[in-house]
Each structure stands twice: as structure tokens, then as C-alpha cells.
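So you can see what is in the structure, the chains are spelled out below.
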Amino acid sequence: MVWKCIILAFILLVLRTVILDAFPGIYWTAPSTTLAFQASLRKDKYLEVPQIAWGLNNQKIAFARACLTARLLNRTLLMPSLSTSLSYKEVELLQPIAFDKIFQFERFNSICNGFVQLGRYSDLLNQTKPFELQKGSGRKWTKERDLYQLEQCKEDSSDKFEVIRIVGKNPFLWHDHWPVTDYAKIFECLSFVEEIEEEAARVISKIREAGAEARSKTFAHGRKLVTSGSSIQSVPYIAVHMRVEKDWMIHCKKLERRLNINQMCSSKAEITERVANIHPLQKPIVVYLAVADSLLEDNSILSGWQQGLLPFDKKKLGVWDIYKKYPYLIQSAIDYEVCLRADVFVGNSFSTFSSLVVLGRTLKLMKIGVTRSCGVETGLASYAYNIIGKHSGPQSWITDLSASSLHSISYGTNNISCEVKLLQSNWQWRI
Ligand SMILES: *[C@@H]1O[C@H](CO)[C@@H](O)[C@H](O)[C@H]1NC(C)=O
Ligand SMILES: *[C@@H]1O[C@H](CO)[C@@H](O)[C@H](O)[C@H]1NC(C)=O
Ligand SMILES: *[C@@H]1O[C@H](CO)[C@@H](O)[C@H](O)[C@H]1NC(C)=O
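Sequence positions are assigned chain by chain, starting from 1 and proceeding in written order. Lettering for chains starts from A, numbering for ligands starts from 1, and both go in the order in which the items are written. Residue-level local features of this predicted model are given only where pLDDT is at least 70; pairs of side-chain atoms are given and counted only at 80 or more, and the full residue set underlies all totals for whole chains, interfaces and linings. Each side-chain value is derived from all of the structure's non-hydrogen atoms; neither hydrogens nor water enter the calculation.

As a reminder, the rule being used: UniProt positions are given in the numbering used here, feature names are shortened, and annotations may be inferred rather than shown by experiment.
The name given to the protein chain in an unreviewed UniProt entry is O-fucosyltransferase family protein, with the source organism recorded as Dioscorea zingiberensis. Its UniProt record gives the protein chain the following Sequence similarities (unreviewed entry) comment, quoted word for word: "Belongs to the glycosyltransferase GT106 family."

## A closer look at the environment of Lys206
Definition in use: Helix and strand definitions here come from DSSP, where helices need a minimum of 4 consecutive H or I residues and strands a minimum of 2 consecutive E residues; each element is numbered from the N-terminal end. Any two residues having at least one pair of non-hydrogen atoms within 4.5 Å are treated as being in contact.
Within the fold, Lys206 resides in helix H6 (residues 194-219). Lys206 sits 113 residues away from Val319 along the chain, and the two C-alpha atoms are 7.9 Å apart. Residue contacts for Lys206: discarding those within four places in its chain leaves Leu317, Gly318 and Val319.

## With respect to the site of ligand 1
Heads up, the condition is: Here a residue counts as near a molecule or strand whenever at least one of its heavy atoms sits within 4 Å of it. For this analysis, a polar contact is any N or O atom pair within 3.5 Å, provided that within protein one partner can donate a hydrogen and the other can accept it, and provided that sequence-adjacent residues contribute only side-chain to side-chain pairs. In these tables, accessible area is a Shrake-Rupley quantity obtained with a 1.4 Å probe, and a residue counts as shielded only by the protein chains included in the view.
In the vicinity of ligand 1, the residues found are Ser40, Arg42 and Asn74. For ligand 1, a nitrogen atom lies 2.8 Å from a polar atom in the backbone of Ser40. Measuring from an oxygen atom of ligand 1, one finds a side-chain N or O atom of Asn74 at 2.2 Å. Isolated, ligand 1 exposes 360 Å² of accessible area, and the fraction of that covered by the protein chains is 46%.

## Quick look at the layout of surface pockets
Going by this rule: Put simply, the grid is 1 Å and covers the protein atoms alone, a cavity is a trapped set of points that fit a 1.4 Å probe, a pocket is an open set with protein on both sides within 12 Å along at least five of seven lines, and lining residues have an atom within 4 Å of a point. Grid points are joined across faces, edges and corners, and a volume is the space filled by probe spheres set on the points. Just so you know the grouping, Ala, Val, Leu, Ile, Met, Phe, Trp, Tyr, Cys and Pro go in nonpolar, Asp, Glu, Lys and Arg go in charged, and all remaining residues, Gly too, go in polar.
Each pocket or cavity is described by its volume, and for the largest pocket that value is around 1,300 Å³. Lining the largest pocket are 39 residues, with Trp54, Asn58, Leu86, Arg243 and Trp248 positioned closest to its centre. For the lining of the largest pocket, the secondary-structure elements that each account for two or more residues are helix H2 (56-72), helix H8 (246-259), helix H12 (328-340), helix H13 (352-367) and helix H14 (407-411). With 6 residues, H8 is the largest single contributor of residues to the lining of the largest pocket. Each residue belonging to the lining of the largest pocket can be placed in one class, and the counts come to 17 nonpolar, 15 polar and 7 charged.

## Details of the packing of aromatic side chains
Keep this limit in mind: When the centres of two rings from Phe, Tyr and Trp lie within 6.5 Å, Trp using its six-membered ring, the rings pair. Their planes under 30 degrees apart give stacked, over 60 give edge-to-face, and anything left gives tilted. Each residue is placed in one exposure class: buried if its accessible area under a 1.4 Å probe, protein chains only, is under 20% of its type's maximum, exposed if it is over 50%, and partly exposed if it falls in between. Whether a charge sits over a ring depends on NZ of Lys or CZ of Arg being within 6 Å of the ring centre and within 35 degrees of the ring normal.
The final tally for this structure, using the stated rule, is 11 aromatic pairs. Here Phe131 and Phe161 contribute two aromatic rings whose centre-to-centre distance is 5.3 Å and whose plane-to-plane angle is 45°, an arrangement assigned as tilted. On the criterion of sequence distance, the pair formed by Phe131 in strand S6 (residues 131-134) and Phe161 in the loop between helix H4 (143-155) and strand S7 (163-167) is long-range, its members being 30 residues apart. Taking the centre distance of 6.5 Å and the plane angle of 35° together, the rings of Tyr183 and Phe187 count as tilted. Pair noted here: Tyr183 and Phe187 are both in helix H5 (residues 180-189), with a separation of 4 residues, about one helical turn. With respect to burial, Tyr183 and Phe187 carry one shared label: buried. Grouped by ring-pair contacts, the aromatic residues Phe63, Phe99, Phe103, Phe108, Phe192, Tyr336 and Phe353 constitute a single cluster. The residue whose ring lies beneath Lys60 is Phe187, and the NZ or CZ to ring-centre distance is 5.7 Å.

## Some details on the sheet that holds strand S8 (residues 237-241)
Note the following rule: Here the rule is simple: two strands pair whenever DSSP picks up at least two bridges between them. Where helices are involved, their axes are fitted lines through C-alpha atoms of the stretch in contact, as for all axes, and angles between N-to-C directions lie from 0 to 180°.
Sheet architecture is open: 6 strands sit in the order S10-S9-S8-S11-S12-S13, paired in mixed fashion. Of all the strands in the sheet, just strand S10 (309-312) and strand S13 (394-396) have a single pairing partner and so form its edges. On average, each strand axis in the sheet is inclined to that of its neighbour by 30°, with strand direction left out of account. For strand S11 (residues 344-347) and strand S12 (residues 381-388), the ladder comprises 4 bridges, and the chain directions are parallel. Bridge assignment links Phe345 to a residue of S12, and that residue is Ser382. The strands that helix H9 (residues 268-276) touches are S8, S10, S11, S12 and S13; relative to S12, the one it contacts most, it runs at about 135°. Across the face of the sheet, H12 comes into contact with S8, strand S9 (285-290) and S11 while running at roughly 150° to S9.

## Some thoughts on the pattern of salt bridges
What counts here: Think of a salt bridge as a Lys or Arg side-chain nitrogen and an Asp or Glu carboxyl oxygen that are within 4 Å of each other.
The final tally for this structure, using the stated rule, is 19 salt bridges. Across the salt bridge formed by Asp159 and Arg42, the nearest N and O atoms sit 3.0 Å from each other. Note that Asp159 is positioned in the loop between H4 and S7 and Arg42 in the loop between helix H1 (2-22) and strand S1 (46-48), a separation of 117 residues in sequence. For Lys217, the salt bridge is made with Glu213, and the minimal N-O distance between the two is 3.7 Å. Of this pair, Lys217 and Glu213 both sit in helix H6, 4 residues apart, which is roughly one turn of that helix. Residue class for Lys217 comes out exposed when judged on its relative accessible area of 54%. Under the relative-accessibility criterion, Glu213 is labelled partly exposed at 40%.

## Re the nonpolar core
Note the following rule: The criterion is simple. A nonpolar core is a set of buried Ala, Val, Leu, Ile, Met, Phe, Trp, Tyr and Cys residues joined through side-chain atoms within 4.5 Å. Here the bounds of each domain stem from an automatic or database domain assignment.
In terms of nonpolar packing, the biggest core is built from 118 residues, with Phe63, Phe108, Ile238 and Val240 touching the most fellow members. Broken down by element, the residue count for this core peaks at 10 residues, all from H2. When we break this core down by domain, the ones giving at least three residues each are domain 1 (32-189) and domain 2 (199-427). With sequence-adjacent residues up to four places away left out, Phe63 is seen in contact with Ile52, Leu77, Pro80, Phe99, Phe108, Leu118, Ile186 and Leu190.

## Focus on the state of the cysteines
Applied cut-off: Here, two cysteine sulfur atoms that lie within 2.5 Å of each other are counted as a disulfide.
Within the structure shown, the criterion is met by 3 disulfides. With its sulfur 2.1 Å from that of its partner, Cys112 forms a disulfide with Cys189. Of note, the bridge from Cys112 to Cys189 carries an S-S torsion of about 85° and is right-handed in sense. In this pair, Cys112 is assigned in helix H3 (residues 105-112) and Cys189 in helix H5, connecting sequence segments 77 residues apart. Accessibility assignment for this pair places Cys112 and Cys189 in one class, buried. Shown here is the disulfide that connects Cys252 with Cys265, its sulfur atoms set 2.0 Å apart. Taking the torsion about the sulfur-sulfur bond, which here is approximately -125°, the covalent link between Cys252 and Cys265 counts as left-handed.

So, in C-alpha cells, the structure goes:
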């Protein structure tokens, strides 16, 4: 019996080694052990930040900035409130929602362990009243002053307080003191809750089914090709984050004039033409249009596409019922996932949403070991339709992960390409 056990244990050990060598991406232990952060953060000191607001991706950036501020102060961030509405100015319309209703809390702490950390209000001992830290504002409040204020907090008496509460503006509007890679690490720890992931998977299935049907019509001359579940999973689709609604156009034209650039706004005609010039595309292919709700009433966005490009919005796809159940924030989260997983993504380089989708896709490229590529071979190509690239198509686009701040991603840029080299050596994430 003892011998049997020893032999069995030995066989298991050998098998484990063999399997681990063959599939280095598989881990036997919890994901947190695969990360390279040795340092720890204090678990008895907390940072509290104001409610996070605005678009989904502005909220993600604001959240990451709050995490990085907490890290700078060597504190745990008290789980902040997000906002389900898109509103920003009218505080009473912000509609708070707990972070863990949108993102997985435990998973966040497990993956980001040692880098940043989230805590709950129920963890507080309430031994002291919070120390209120007023962030400055206005032109005189420079980045240097802001950093100096934070550094001071670590040294003077405020460090003794259990909670430092930052009062003032939404963290999206705080000064940025961190490189893109720090933000990227935090985004990697953020996963939507299961319900949102499942809804996104349903939408993606619908898109692929529509593509499979069009293909069987084209290639089988009306005969239905056998389309099993796995073959549907490989039907490619394009996602276009199309910003052509009226308020965007007004805002965008104003900005173009102020910044003296002319590559920000693209009309519907320009977008359809540039997408048609992407090379190579296996037509017929579904083009999923991620558009603002106001455009769902406007059927003209579905017309004018080149033959072989099959435009679908939420209504035409029959998934409006899925979206309709949810507030703005969750609708946007589903669209984000649909764009992130598309075989080709086309967005606007002046949109925070598009920029974060491309950042997510760039991280995916890096994780599969691609260091210098536009992602075309891997089914992760991204483009910006507002800038003309090769063959009069849209400009190919990956995120420059070596950038020293998130500014160009938060506020947009026309300086994009896929020539930048991805950082391989500095990246120790394997999830
Ligand atoms: C935070 O403080 C703890 C205890 O003082 C220390 O061990 C740790 O290295 C600090 N972490 C960071 C990121 O500074
Ligand atoms: C401390 O206060 C918070 C918020 O007011 C509360 O949720 C928490 O339960 C309190 N903790 C203790 C140990 O009383
Ligand atoms: C454009 O981006 C590249 C790479 O990110 C950078 O090296 C270059 O300085 C930027 N050019 C301008 C004009 O900002």
C-alpha cells in the first residue's frame, strides 16, 4: 500500500512537470502567485476617493488613478462607487453603483496582489475620524504641486490617520503621475462580473451566427452549410466604434478648430469607405456597429457599406433586448467586450473608449508573445478610421506602452501607428 502511494505520487509529479512544460500558460496554483510583485501594501491604512463618474472608460481610468494614488501613499483603496449614468455635470444624476457590481472584487485583489489593493468599508476600525485632503484645482495647481502634496501626506501627521479621504473632483480629472504600464497592470486585474461576460458572449454568438449564415449563402449557393458550435466560434467579425452622433460631431468640430488639427471627426461616408479598404478582409463579413443609442433610430448608418460588408447594429442583430435591461454603464461594458474580442476593431483615436479597447487588444498581443506586429495575422488588428493609412484604409493602431503618461489615451491623439515596439522584458504578467 505504501509503495503504491509513493509510486502514484511520483507519477503525478512527473505528469505535472511534463504538462507544465508543454503548456506554460497553465498554472496549478492561484493566479496571484504568478505575478512578480513582492512588495506589500499596508492593510490598516486606507484611501477614500470621491464617486467616479462619466463614460465607462473614463471611469476605468479614474479608478486606476485612484488605485495608483493609494499605492503611492502605501494604502488600501476603499472600494469606490462608480456611476451607472453617463452624466457628469449634474451630481444628483450620477446614480452610484458599487464597484463589485461591475467588476470582480476578489479576482482584482488576487491578481493585483502586492501592486494595489481594494478594501471594504466594513474592514475599517473607525478608531480615528478620516483626514480630509482637499485636492487643489485651477491653472496654478500644477502636476508638481499635486505630487508634492501627495508625498507630504506620507510624511506628516496625516499618515497616522486610518483613512485619508480625498475631497474634490472625480479622479479622472486629477493630475497623472504614472506611466502607461502601471495603468495597464490595473486594467489587467479588472474583469467584469460573470453576468456581464455572459451577456457579451451572447451578443458575440449572435454576430458570428449572422456571419455564418451569410457565408453559407455565398459559398453553398443557398444550401445550408453544417455549422456546428465550434465552427461558428471561428467566424470572424469587425467591430466599428462609430462616433457620428450629433453632439459628438459638434464637440469634435470645436476641438478640431481649437487644437488646429483636422483628423478628429470623420463622417459616416469616410468611415464606410476606409473600412472597405482594410486589407485583407475575408468577405462576406459582419460589421458590428457599436454606436450611441441615439443612432439606433437612424437607419442610415446601416446603408452605404460596400458589398460583402454586412452592417449590424444592436436592433438589426436582435440584441437590443439584452442591452435594454441595463443602465448605460453595463451597456457600455458589453460593447467594450464585443469590441475587445473582435477580429478587426476600428475606432476613433480621439475616443477614450476606442483607445482603451486598443490598449486591451495590445495587451492581448503581447501576452501571446507578439512583439512587433499590427495584429493582422493573429486576428487582433486594430485601426483608427479618423486617420488615413495604407491603401486609403484606416491607420493601423497599437498602443505605445512605453508612453510616460496616459494623457494621449485619455484625451486622444493623432500620432498613432503600429510601429512602436511592445515592451516584452518589462512585462511579467502571465494570466
Ligand atoms: C508599505 O509599507 C510596508 C510597511 O511599512 C512596507 O513593508 C512596504 O514595502 C510598503 N510598500 C510600498 C509599496 O511602499
Ligand atoms: C466603520 O464605519 C463604516 C462606515 O461608516 C462601517 O461600514 C463599518 O462597519 C465600521 N466598522 C466598525 C468596525 O465599526
Ligand atoms: C509620436 O509617437 C512616437 C511613438 O510613440 C513618439 O516617439 C513621437 O515623439 C511622437 N511624435 C509626436 C509629434 O508627438
